[in-house]
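Examination of the molecular architecture
The lines below spell out each chain.
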Amino acid sequence: MNETLFHDLQHMDQLLQQTKDYSAAFLSGIDSLPVDVARGSLPSLSLPKQGIGASQALSTFKNRYDSLLAGNAGSRYWGFVTGGATPAAIAGDWLTSVYDMNAANKDGASFYIEGETIALLRQLFGLPDAYTGVFTSGATMSNFSGLAIARQWLGNRHGVDVAQEGVAALPAIKILSCTPHSSTVKSMAMLGIGRNALVKIPSLPDRESVDITALTAYLEAHKNESLIFVAAAGTVNTVDFDDLQSLAVLKQQYGFYLHVDAAFGGFAACHSDYRHLLQGWESADSITIDAHKWLNVPYDSAMIFTRHPKLQMAAFRNVGASYLPDPDEFFVYSNYTPENSRRLRALPAWHTLMAYGANGYADIVENNVRLTKKLGALIEGSDTFRLLAPVNLCVVCFTLNGETEELPAAIKQFLQAMNESGKVVMTPTVYQGIPGIRAALVNWRTTEEDVEIVWEEMSQLIAAI
Ligand SMILES: *Cc1c(COP(=O)(O)O)cnc(C)c1O
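Now for a look at the structure at hand. Worth saying up front: this structure is predicted, and the values here are computed from it rather than measured.

1. Comments concerning the pattern of salt bridges
Between side chains of opposite charge, a pair can form when the charged atoms approach closely. The final tally for this structure, using the stated rule, is 17 salt bridges. In this structure, the salt-bridge partner of R76 is D450, at a minimum N-O distance of 2.8 Å. Of this pair, R76 sits in the loop between α3 (54-65) and α4 (87-99) while D450 sits in helix α14 (residues 448-464), placing them 374 residues apart in sequence. Looking at D450, the relative accessible area reads 5%, which means it is buried. The network of salt bridges with shared partners includes R370, K374, E448 and E452.

2. As for the sheet that holds strand β11 (residues 434-440)
Reading across from one edge, β8-β9-β11-β10 is the order of the four strands in this open sheet, with antiparallel pairing throughout. Only two strands of the sheet have a single partner each, and these edge strands are β8 (385-387) and β10 (427-431). Neighbour-to-neighbour, the strand axes of the sheet open up by a mean angle of 45 degrees, direction not taken into account. The sheet contact formed by β10 and β11 spans five bridges and is antiparallel. Paired with V430 across the bridge in β11 is P435. In this fold helix α12 (residues 346-380) packs onto β8, β9 (395-400) and β11, with an angle of close to 20 degrees to the strand it touches most, β9. This element, helix α13 (residues 407-420), spans β8, β9, β10 and β11 of the sheet and lies at about 25 degrees to β11.

3. Some points on the packing of aromatic side chains
Taken as a whole, this structure holds 15 aromatic pairs when the rule is applied. Ring centres of F331 and Y333 lie 4.9 Å apart, and the angle between their planes is 90 degrees; this geometry places the pair in the edge-to-face category. Taken together, the ring pairs in this structure connect F111, Y112, F331, Y333 and Y336 into an aromatic cluster. Directly above the aromatic system of F330 lies the positively charged group of K106, at a separation of 4.5 Å from the ring centroid.

How each quantity is defined
Residues numbered from 1 in each chain as written. Predicted model: local features only at pLDDT ≥ 70, side-chain atom pairs only at ≥ 80, totals over all residues. Heavy atoms only, no water. Salt bridge = Lys/Arg side-chain N within 4 Å of Asp/Glu carboxyl O. Helix = DSSP H or I, 4+ residues; strand = E, 2+ residues; numbered from the N terminus. Buried < 20%, exposed > 50% of the residue type's maximum accessible area, 1.4 Å probe, protein only. Pairing = 2+ DSSP bridges. Axes fitted to C-alpha atoms, helices over the stretch in contact; angles between N-to-C directions. Contact = heavy atoms within 4.5 Å. Phe/Tyr/Trp six-rings, centres within 6.5 Å; stacked < 30°, edge-to-face > 60°. Lys NZ or Arg CZ within 6 Å of the ring centre and 35° of its normal.

This is how it looks when you write it as structure tokens:
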């Protein structure tokens, strides 16, 4: 064994203790770190011929990166849709590395842990047992997987095994959606369906939710075509939901494949006040839910649920690998996901679900929604900002008051000043043609005081512009 490796092996306990102390210090100070920092340039680094050992590597890393490490996982990172990691999730994630199991294997602990975690999640979301689920690396890969199943499903109806014969063997696929996330369109590109296959169905006035009448008219005019509908259960700008109940009725009538992208909106199911937004989602053929957003586990983690595990296996099975178990005889996760070797992503989720339970997640959702509404109310009551849309769940979509032509420059300046303040991060958007700003609150740490800190910063910065 290499000498340095041998030394580290002898000092594993010390190294983990050092890492733990450093982690605890980082986490306890996270709220006083700048939320984000400007990218500096680093001097180049050469690969050491003689390694410096793990302990030395840790201190070299700290010296080199300390000024770039920000409170991204803290309570005021409100850009995109960004969760943090609960204490239990961090513990579970640490253990994932300690065990370093390949969650592709057909039995052993990883197999049971993933199955059990999916069952816990079904209970959290109130999804019927008929849904099977697997972990992926993020909602993008879950949407990719959902559309791969959809492609296989359409093939079935034409007597074509798409995974075997390719999309060219199918009549042209159309993917209908009103407000798809960019990852759906990216998945279409990756799956050989092509971005041009997207058909945007109009929304209801002043909404991001599909106009069911317009959709019905489209379906009536395109009977017998190969159609997939990708529904939004929580859009990123305004957390709008498609009417899933009406979609379920139309699905019955017209027989399209229904995929629901509930990346973060799926967490509405955790709270009795918001569960109704998802009514009808149990008619979906497949459902995407992200875990590294509102479940607050570390990156990279999401789930794809489906009622068609056989089609999922047809799309993702390994063929011709004699060293792998026969997919028809043994359930193996890697025959159901884009990845073959897999990190045990279920473990952080298992820990956080057991640690905080259904009530814990109802509280996280309730707390985030209350604080989002508070920020929304402050904006609504001000004469320097205005809401671009009513506040739903966890996102405030707003803009500055003023002339529309001046907005892009003013927003850029304001956002830059705000993000450089280190107090908060928000991200730009355009909503119904108007440049705006989004704040998304899905971190378990966020408190009333955070909203006050941010509001004060916003008020000062806008006064200075
Ligand atoms: C975040 C998000 C995605 C993509 O998720 P990743 O985890 O970044 O891959 C897809 N759909 C919706 C609605 C999202 O909010």
